[in-house]
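Below are the chains, spelled out letter by letter.
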Amino acid sequence: MKCRFLPSLGLVAGAALSSLGGVSSAYAYPAFQVHEDAISGTPANTVAADRMSYAYGARIAQTVTGGNGLAGSGDLFREAGYLSLSSYANSSGSVSSYINSPGSAGYQLYATFIINGETDYGQGNNLIHAAFASVSLSLYADVNSNTRLGTTGSTISGGTQVNFTRSNSSDDVLLGSATLALGEANIYNGLASGDFGVSLLLSLNAAGKRLFNVPNDFYPYMHVNGTTSAASNGPALLTGGMSTISGGGTLSFSNTPTAAVPEPGSMLLLGGGLLGLYATSRRRSRKD
């Protein structure tokens, strides 16, 4: 069977989700455990980790009401996309696990999300700042590693509409959901680079608690740290319309919310970041 993650389409001038990939090395991530046999067909294995890596893709619809460019106060955006979780790690490095492994023992984890917010020019030249008004995220386990994820968008009467898509998902198991606690994003140079930070209030269901089972009373906050790296039709964020962007970062958990997006000046330390069009399909093969 095959899993194919369709070309992404990415997180808006207001991207997706929690402290910053560029400063993550200075952050002490709280530890957690994953019991992988909670996923049907996966052998017994306990993963001791403190973070997960991911790639994302999303599509953004930007409305501009401030004349010829962003002016805040009504320059609204909607972003739809997904995260593909790729590995577990702790202070010692990558942790052996069955996530994304080939064969019947492997599985995949992913999340879909919708973000609404407002954009305006931030401090400094060529900086767009995005404030999040709402985030809705759903976390899934793909038991058979065959789900196809993507995004869709169209311009219709009344504006541009965007959403994520899922197919071959009948075997997928919902693990939980999350909503916005804190979050914002900075984008530089017309989407040439950027960072985003969001803390989400996490609610695991029974299946999610069996998988993420230590601590027993699991952390109430999920943080998605990341950077953006490239874009398709980035100018649409300034003039209105539809854009696509992509990137990657780190997902972690804690007992408190934090929105650790750096001040605009510190963004320059990222050296370009990761905001690239997720224009290549990601395929993972597995044997039954």
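Residues numbered from 1 in each chain as written. Predicted model: local features only at pLDDT ≥ 70, side-chain atom pairs only at ≥ 80, totals over all residues. Heavy atoms only, no water.

For the protein chain, the helix and strand inventory stands at three helices and 16 strands. Relative to its full complement of 288 residues, the protein chain shows a buried share of 52%. (Helix = DSSP H or I, 4+ residues; strand = E, 2+ residues; numbered from the N terminus. Buried < 20%, exposed > 50% of the residue type's maximum accessible area, 1.4 Å probe, protein only.)

Residue Pro 215 is reached from Val 214 by a cis peptide bond, and omega for that bond is 5°. Here Pro 215 is to be found in the loop between strand E13 (212-214) and strand E14 (221-232). Positive phi outside glycine occurs at Asn 100, with the angle close to 65°. With respect to the helices and strands, Asn 100 occurs in the loop between strand E6 (93-95) and strand E7 (108-121).

Looking now at the sheet that holds strand E2 (residues 32-35). As summarised here, the arrangement of the three strands in space is E3-E2-E13, forming an open sheet in which the pairing is antiparallel. Lying at the two open borders of the sheet, with one neighbouring strand each, are strand E3 (46-49) and E13. This sheet shows a mean twist of 35° between the axes of neighbouring strands, independent of strand direction. Pairing geometry for E2 and E13, over two bridges, is antiparallel. The residue of E13 that forms the bridge with Val 34 is Phe 212. (Pairing = 2+ DSSP bridges. Axes fitted to C-alpha atoms, helices over the stretch in contact; angles between N-to-C directions.)

Right, let's get into the packing of aromatic side chains. Working definition: an aromatic ring pair is given by the centre-to-centre distance plus the angle between the planes. This structure, assessed with the given rule, holds 11 aromatic pairs. Geometrically, the ring pair formed by Tyr 54 and Tyr 56 is tilted, given 6.5 Å between the ring centres and 40° between the ring planes. For the pair Tyr 54 and Tyr 56, one class covers both residues: buried. In textbook terms, an aromatic cluster arises when at least three aromatic residues are bridged by ring pairs, as seen for Phe 32, Phe 212, Phe 218, Tyr 219 and Phe 253. (Phe/Tyr/Trp six-rings, centres within 6.5 Å; stacked < 30°, edge-to-face > 60°.)

Tracing the sequence through the fold places Gln 62 in strand E4 (residues 51-62). Here the side chain of Gln 62 touches Asp 75 through a polar contact of 3.4 Å, landing on its backbone oxygen. Within the local environment of Gln 62, its side chain forms a polar contact with the side chain of Thr 119, the two groups lying 2.9 Å apart. (Polar contact = N/O pair within 3.5 Å; in protein donor to acceptor, adjacent residues only side chain to side chain.)

Taken across its 15 residues, strand E5 (residues 76-90) has 11 buried, putting it largely inside the fold. Relative to E5, E4 is paired through 12 bridges, and the arrangement is antiparallel. Paired with Ser 53 across the strands is Ser 87, a residue of E5. Strand direction decides the pairing type here: E5 and E7, joined by 10 bridges, are antiparallel. Its bridge partner being in E7, Gly 81 is matched across the sheet by Phe 113. Taking the residues between adjacent antiparallel strands as the criterion, E5 and E6 are bridged by two residues.

This brings us to the environment of Asp 120. Counting through the fold element by element, Asp 120 comes out in strand E7. The sequence separation of Asp 120 and Ala 130 amounts to 10 residues, and the corresponding C-alpha distance is 6.6 Å.

Let's shift gears to the pairing of E3. Residues Val 47 and Ala 49 line the buried face of E3, whereas the alternating positions Thr 46 and Ala 48 sit on a face that is not buried. Note that E2 and E3 share four bridges and pair antiparallel. Within E3, the residue paired with Gln 33 across the bridge is Ala 48.

Phe 32, Tyr 88, Leu 109 and Phe 212 are the most contacted members of the largest nonpolar core, which totals 45 residues. Of the residues forming this core, the biggest block, six residues, is contributed by strand E8 (residues 127-142). (Core = buried A, V, L, I, M, F, W, Y, C linked by side-chain atoms within 4.5 Å.)

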